[in-house]
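# Remarks on the overall topology
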Amino acid sequence: MLDRTDVQAAAARIAGRVRRTPLMPPSDRDAVWLKCEFLQHCGVFKTRGAFNRQLAGLESGEIGDAGIVVASGGNAGLAQAFAARDLGVRATVFVPESAPAVKVGRIEAYGADVVRVGNEYAEAYDAAVAFGEQTGAALAHAYDQLEVAAGAGTLAEEILEDEPSIDTIIVAVGGGG
């Protein structure tokens, strides 16, 4: 179960490793504040969760020489590869054959090993889990993991620090994560 203390711990853990992205106030024509997470490292909010997952795994000793393994359609792999490069952690990213070439290229440019498996995310995920069991690489889930979710939640903490009057946060998500 994830609660606010997990998010606050994540914020402390990832401080200095992720960008504090701007919160843009409403214009004259609308009443919507916008959190500009497209300015985050890799252009995705998932970088927050990636750093929190890996830093927590390093603190606990869960992440060793085998590093981390993640299955991704693209963005989670980008974020985990970026964080791994920064932290000196080996990263292996499983992607489906349909993963965009530009994202795969960026994942590789961050130093991760990329393995293309199957036609959909579920096949890449199953292969990543098996790889982790065989090699000892720690699984870094794309979204369904306490450390990853707590890292993503740091967005809300920043929003509330920047504008405490905000009482509703609406999040657009893709891919089900």
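Here, the structure is the one placed above.
Residues numbered from 1 in each chain as written. Predicted model: local features only at pLDDT ≥ 70, side-chain atom pairs only at ≥ 80, totals over all residues. Heavy atoms only, no water.

## Some words on the environment of Thr135
Our working rule: A run of H or I in DSSP counts as a helix once it spans at least four residues, and a run of E counts as a strand once it spans at least two, with each numbered from the N terminus. Type-normalised accessible area, obtained with a 1.4 Å probe on protein chains alone, sets the label of each residue: buried when under 20%, exposed when over 50%, and partly exposed for intermediate values.
Here Thr135 lies in helix 5 (residues 121-135). Owing to a relative accessible area of 38%, Thr135 belongs among the partly exposed residues under this scheme.

## Some points on the environment of Arg4
Note the cut-off: We call two residues in contact when some of their heavy atoms are within 4.5 Å.
Summarising the element assignment, Arg4 is placed in helix 1 (residues 4-14). Considered as a pair, Arg4 and Thr92 are 88 residues apart in the sequence and their alpha carbons are 30 Å apart. With residues up to four places along the chain from it excluded, the contact list for Arg4 reads Glu157 and Leu160.

## Overview of the packing of helix 1 against helix 6 (residues 146-162)
Going by this rule: In this analysis, axes come from line fits to C-alpha atoms, helices being fitted only over the stretch in contact, and the angle between any two N-to-C directions falls in the range 0 to 180 degrees. What sets the label is the angle itself: under 35 degrees gives roughly parallel, over 145 gives roughly antiparallel, 65 to 115 gives roughly perpendicular, and the rest give oblique. Residues are grouped as follows: Ala, Val, Leu, Ile, Met, Phe, Trp, Tyr, Cys and Pro are nonpolar; Asp, Glu, Lys and Arg are charged; every other residue, Gly included, is polar.
Between helix 1 and helix 6, whose axes approach to 7 Å, the crossing angle comes to 85°. One finds that helix 1 runs roughly perpendicular with respect to helix 6. On the side of helix 1, the interface is formed by Arg4, Asp6, Val7, Gln8, Ala10, Ala11 and Ile14, while helix 6 contributes Leu146, Ala150, Gly151, Gly153, Thr154, Glu157 and Leu160. Its residues assigned to classes, the contact of helix 1 with helix 6 shows seven nonpolar, four polar and three charged.

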